[in-house]
Structure formats: C-alpha cells, structure tokens
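# Results of the structural survey
If you want the building blocks of each chain, they are given just below.
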Amino acid sequence: MAAAGAEGGDAIGDRREEAAEQMDIDVPRPINTANRRFVYFDVQTTGFERDCHITWIAACSGPNQISTFVLPKVKMDPHAFERTGIICHGEHMYQHGKKVEPLKITRALEAFIGFLGNEPVVLVTHNTRRFECHKLMHALTACGLKEQFQQAVHGFVNTLPLFKELCPQLKNHGQQDLYRFYMKSDYPEHDAMKNALALQQIVEKAEPEHDAFERHFFTARHFIRYFEVKPEWDRLAGKKVITQSMAFKAAENELGWDEVRDTFQRAGEGGVKMLLRERLTRVNRIIDNIIKELQSDRSTTPGDGQ
C-alpha cells in the first residue's frame, strides 16, 4: 500500500489510508486445528458496564454439556435481567423465577476448565472479541487461572468472520440471523446454554471446510495478550489520540503501550515512528498524535536514538 499522501501530510490521503488499514483487521493465525475437540461456549453477565460480573458460563461439545450459574458481587442491570431472566436476592439466585444453585466465580471457572479436559481444545464462539469474552479474560486474571486456561485451550475459532465469508449474500450475520437461515426456525429462548447449543447446530449444519476454520483461528496465547494490551489503547481512543478501530488493530497485532513507551525512552521519536510503521500504521497524523501523547507523559523521557 502506497503511503505517498500520508507522507506529504495530505489529510484526505491520511483518512483514506487509515480507512484502508482498518478494513479486515481480524489477523489470521493459521495453526492446525485437525483432530482437536471443538467446544462451543457462551457467557452471560450482570450488565454491560466494564465492572459487571459473570452470571452464567455454558459450553457444549457434541452431547456433552456444562451449565454453571455464577453468584455475582454486583447488582443485575434491569436490561440484563430482561435478557436472561436472572436475578439475585442475597446469596440466592433465580432464573425466570426458578431457584438455581450458583457457584462463586473461581469454582465456576475451575469447573469450566475441568470440562475442557486434558487435551487442549478449540473454543468456538460468535464474535470472540465481544464484551462477554473480555469479562471472561478479566475473571480468569482476577482468579489467577490464566495459565490453567491456556493449558486447556489450543485456541479459538471466531465464527462471525467465518460466516461472513461463507454467507456473503446475507445482510446480517448475527447468531440469530444465522440460526434462522440454517435451521429454518425461530431462535430459541435467549440463555447461555441454548446460545452455545445453537451455535453448535449452525456450524454442524453449515459444514465449513477445515481450511475455513483455520483462516479464523487464533491461539489462546494471542487471546490473552489481546486483552492484556487493549485497555491502554482503549484509553487512548477515549482521549481521541487514536480511533477505536485503531485500538483494536493495535491489540490484534499484540502491540503493547509499554512497548511503545519503552521504545520512546530508548530510541526517541525516530524509534517510535519506525515501530508504529511496522506494527500499526503509516498514517502520519496518528503517529504524530501518539508521539504527542508520549511527550505529555512526564514518566517518559525520549532517548537520543543511540
């Protein structure tokens, strides 16, 4: 991709190049998934804020299933209650008025990892970057279970871009839309277990070729690194230093803000420009914004490039 417009400082060229860079940034990580067990899973939460908690973890693999309710430490959002039917009163949890037996989050995650088994599996979910997966990663980190999770999981298949590729004729590729298209019936009542089962049914009905799965596979290590580095880039997007889609791209490329800051301290502006052009963007306006952010951070002192 030529960068002449951006190099000349042309704002229109900058915008065009940035738009082009933000297209198809789901980085492929082709690693063999043959002979791996596929596990379809879903997570529900107390709400949609960053500090919400997991309330339900469900997964299936063929006829095998696990469905675990989780006792949260924060109140249920009314919209989340409408969506899942889950509500808590003290230590008691109910779904659609029926009492269920929840576990605390650490035990629930341990049960989920135990369900995955001794051989690393491939986890399958629709739109793996979504909010619920962020909460799963946050919970694994808070409970000290990241290492055990990584040992149990070979990687992930993201079915959203997979079905965009398989069904270009569809206007929408949400899981409910795909279920209606493939199963010729209305989507089942919304809950974590039925979501996981529905996704398994869709994939089994569609019968994607093996190489299609591989094009939308990424490792568990990448998943963990993605969620480690993304919050700092989200912070910069909130300050309008970069766009939200550029924050997504930085996380996809596993570029940490600490790496950018260390490069600035070691090699100055020149080193940062080289790093960003190789790992993130060639758009001068974005690079300049990032350098200004580094310069405004009193904890960073630019190096002389030696």
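Check the entry above for the structure.
First things first, this report covers the structure right here in the doc. Predicted model, so just to flag it, every value in this text is computed and none were measured.

### Focus: the overall build of the protein
A tally of helices and strands in the protein yields 14 helices and 9 strands. The proportion of buried residues among the 306 residues of the protein is 50%. For the protein, the share of sequence-separated contacts (at least 6 apart) that also reach a separation of at least 24 residues comes to 69%. When the accessible surface of the protein is totalled, it reaches about 15,300 Å², and 50% of it is carbon and sulfur.

### Structural notes on the sheet that holds strand E4 (residues 86-89)
Pairing is antiparallel across the open sheet formed by 3 strands, whose spatial order is E4-E5-E6. Looking at which strands have only one partner, the edges of the open sheet turn out to be E4 and strand E6 (98-100). Averaged over all neighbouring strand pairs, the angle between strand axes comes to 35 degrees, with direction disregarded. Bridge analysis of strand E5 (residues 92-95) against E6 gives 3 bridges, and the strand direction is antiparallel. In the strand pairing of E6, Gln95 is matched with Lys98.

### Considering unusual backbone geometry
Of note in this structure, Glu207 is not a glycine but carries a positive phi near 50 degrees. Considering the arrangement of structural elements, one finds Glu207 in the loop between helix H9 (192-206) and helix H10 (210-215). Overall, Glu207 belongs to the exposed group, its relative accessible area being 63%. Phi at Lys240 is positive, roughly 65 degrees, even though this residue is not glycine. Within the fold, Lys240 resides in the loop between helix H11 (220-238) and helix H12 (244-252). Look at Lys240 and you get exposed, because its relative accessible area is 70%.

### Topic: the nonpolar core
Across soluble globular proteins, nonpolar side chains show a tendency to be buried alongside one another. In this structure, Phe41, Leu116, Leu123, Phe149 and Phe223 are the most contacted members of the largest nonpolar core, which totals 35 residues. The contact partners of Phe223, leaving out residues within four places of it in the chain, are Thr128, Cys133, Met137, Phe149, Phe156 and Phe218. By size, the runner-up hydrophobic cluster in this structure holds 32 residues, among which are Phe38, Cys60, Val122 and Tyr187.

### A few points about the packing of aromatic side chains
For the coordinates displayed, the defined rule picks out 14 aromatic pairs. Arranged with centres 5.1 Å apart and planes meeting at 85 degrees, the rings of Phe38 and Phe213 form a pair that is edge-to-face. With Phe38 in strand E1 (residues 38-45) and Phe213 in helix H10, the pair connects residues that are 175 residues apart, well separated along the chain. Phe213 gets classed as buried once you look at its relative accessible area, which sits at 8%. Considering the side-chain rings of Phe149 and Phe223, the 6.3 Å spacing of their centres and the 45 degrees angle between planes classify their relative orientation as tilted. In this pair, Phe149 is assigned in helix H6 (residues 146-152) and Phe223 in helix H11, connecting sequence segments 74 residues apart. Grouping residues by exposure puts Phe149 and Phe223 together as buried. Through successive ring pairs, a cluster of aromatic residues spans Phe149, Phe156, Phe218, Phe223, Tyr226, Phe227 and Phe248. Its guanidinium or amino end placed over the ring of Phe115, Arg37 lies 5.9 Å from that ring's centre, counting from NZ or CZ. For the cation-ring pair, Lys184 lies above Phe181, with the distance from its terminal atom to the ring centre recorded as 5.1 Å.

### Examining the pairing of E4
Relative to E5, E4 runs antiparallel, the two sharing 4 bridges. Of the residues in E5, the one forming a bridge with Ile87 is Tyr94. Here E4 folds back onto E5 in antiparallel fashion, the turn holding 2 residues, of which Gly90 has a positive phi close to 65 degrees.

### Brief notes about helix H4 (residues 105-116)
A rise of 1.5 Å per residue sets the reference length of H4, with its 12 residues, at 16 Å; its end C-alpha atoms lie 17 Å apart and thus fit the reference within 8%. Buried residues of H4: Ala108, Leu109, Phe112, Ile113, Phe115 and Leu116, and no others. Down the axis of H4, the sector holding all buried residues measures 155 degrees, keeping them to one side. Away from the buried face of H4 by more than 90 degrees, exposed residues Arg107 and Gly114 are located. Residue Gly117 follows H4 closely and has a positive phi angle near 95 degrees.

### Quick word on the pattern of salt bridges
Tallied over the entire structure, the rule returns 11 salt bridges. Measuring nitrogen to oxygen at the nearest pair gives 3.8 Å for the salt bridge that ties Arg225 to Glu228. Pair noted here: Arg225 and Glu228 are both in helix H11, with a separation of 3 residues, about one helical turn. A relative accessible area of 42% places Glu228 in the partly exposed class.

About the cut-offs
Residues numbered from 1 in each chain as written. Predicted model: local features only at pLDDT ≥ 70, side-chain atom pairs only at ≥ 80, totals over all residues. Heavy atoms only, no water. Helix = DSSP H or I, 4+ residues; strand = E, 2+ residues; numbered from the N terminus. Buried < 20%, exposed > 50% of the residue type's maximum accessible area, 1.4 Å probe, protein only. Contact = heavy atoms within 4.5 Å. Areas by Shrake-Rupley, 256 points an atom, 1.4 Å probe, with all protein chains shown as cover. Pairing = 2+ DSSP bridges. Axes fitted to C-alpha atoms, helices over the stretch in contact; angles between N-to-C directions. Core = buried A, V, L, I, M, F, W, Y, C linked by side-chain atoms within 4.5 Å. Phe/Tyr/Trp six-rings, centres within 6.5 Å; stacked < 30°, edge-to-face > 60°. Lys NZ or Arg CZ within 6 Å of the ring centre and 35° of its normal. Expected span 1.5 Å × (residues − 1). Arc of directions from axis to C-beta. Salt bridge = Lys/Arg side-chain N within 4 Å of Asp/Glu carboxyl O.

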